[in-house]
Amino acid sequence: MIAKLYTVKETADLLRMSRAGVMNLISRGQLPAVKIPGPTPKRPGRVLVCETVLAEYLERWGK
């Protein structure tokens, strides 16, 4: 089974926080993410969060 990958916006909506807040969690290493580079230096890549990683984060955060 392939896990669903959420965009930063989708992750922010699920966590009920801003996109900047999600990016802060990712940059601090609190929320692991997959960073896909863009096709050229002028076109940014994508940052995706795995569904199972997000569920684990929510479980830890809830305790």
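Bear in mind the structure is a predicted one, so any value in this text is a computation, not a measurement. (Residues numbered from 1 in each chain as written. Predicted model: local features only at pLDDT ≥ 70, side-chain atom pairs only at ≥ 80, totals over all residues. Heavy atoms only, no water.)

1. Here's the deal with the sheet that holds strand 2 (residues 34-36)
- Pairing is antiparallel across the open sheet formed by 3 strands, whose spatial order is 1-3-2. Two strands close off the open sheet at either side, each with one partner strand: strand 1 (5-7) and strand 2. Each strand axis lies, on average, 35° off the axis of its neighbour in the sheet, ignoring direction.
- Inspection of the sheet shows strand 1 paired to strand 3 (residues 46-50) by 3 bridges, in the antiparallel sense. Directly across from Tyr 6, in strand 3, lies its bridge partner Val 49.
- Together, strand 1 and strand 3 form the strand contacts of helix 1 (residues 8-15), whose direction differs from that of strand 1 by roughly 90°.
- Contacts from helix 3 (residues 51-62) reach strand 1 and strand 3, with the element oriented near 65° to strand 3. (Pairing = 2+ DSSP bridges. Helix = DSSP H or I, 4+ residues; strand = E, 2+ residues; numbered from the N terminus. Axes fitted to C-alpha atoms, helices over the stretch in contact; angles between N-to-C directions. Contact = heavy atoms within 4.5 Å.)

2. A short note on the confidence of the model for the protein chain
- Within the protein chain, residue pLDDT values average 91, and 98% of them lie at 70 or more.
- Per-element averaging of pLDDT across the protein chain places helix 3 at the bottom with 89 and helix 2 (residues 19-27) at the top with 96. (pLDDT = per-residue confidence, 0-100.)

3. Points about the nonpolar core
- Within the largest apolar cluster, 12 residues are counted, these being Tyr 6, Val 8, Ala 12, Leu 15, Val 22, Leu 25, Ile 26, Leu 31, Val 47, Val 49, Leu 54 and Tyr 57.
- Breaking this core down by element, the ones donating at least two residues are helix 1, helix 2, strand 3 and helix 3.
- Once you skip the residues sitting within four places of it in the chain, Tyr 57 turns out to touch Leu 15, Leu 25, Gln 30 and Leu 31. (Core = buried A, V, L, I, M, F, W, Y, C linked by side-chain atoms within 4.5 Å. Buried < 20%, exposed > 50% of the residue type's maximum accessible area, 1.4 Å probe, protein only.)

4. A closer look at the pattern of salt bridges
- Applying the stated rule across the entire model yields 1 salt bridge.
- Asp 13 serves as the salt-bridge partner of Lys 9, at 3.3 Å between the closest nitrogen and oxygen. With Lys 9 and Asp 13 both in helix 1, this residue pair falls 4 residues apart, about one helical turn. (Salt bridge = Lys/Arg side-chain N within 4 Å of Asp/Glu carboxyl O.)

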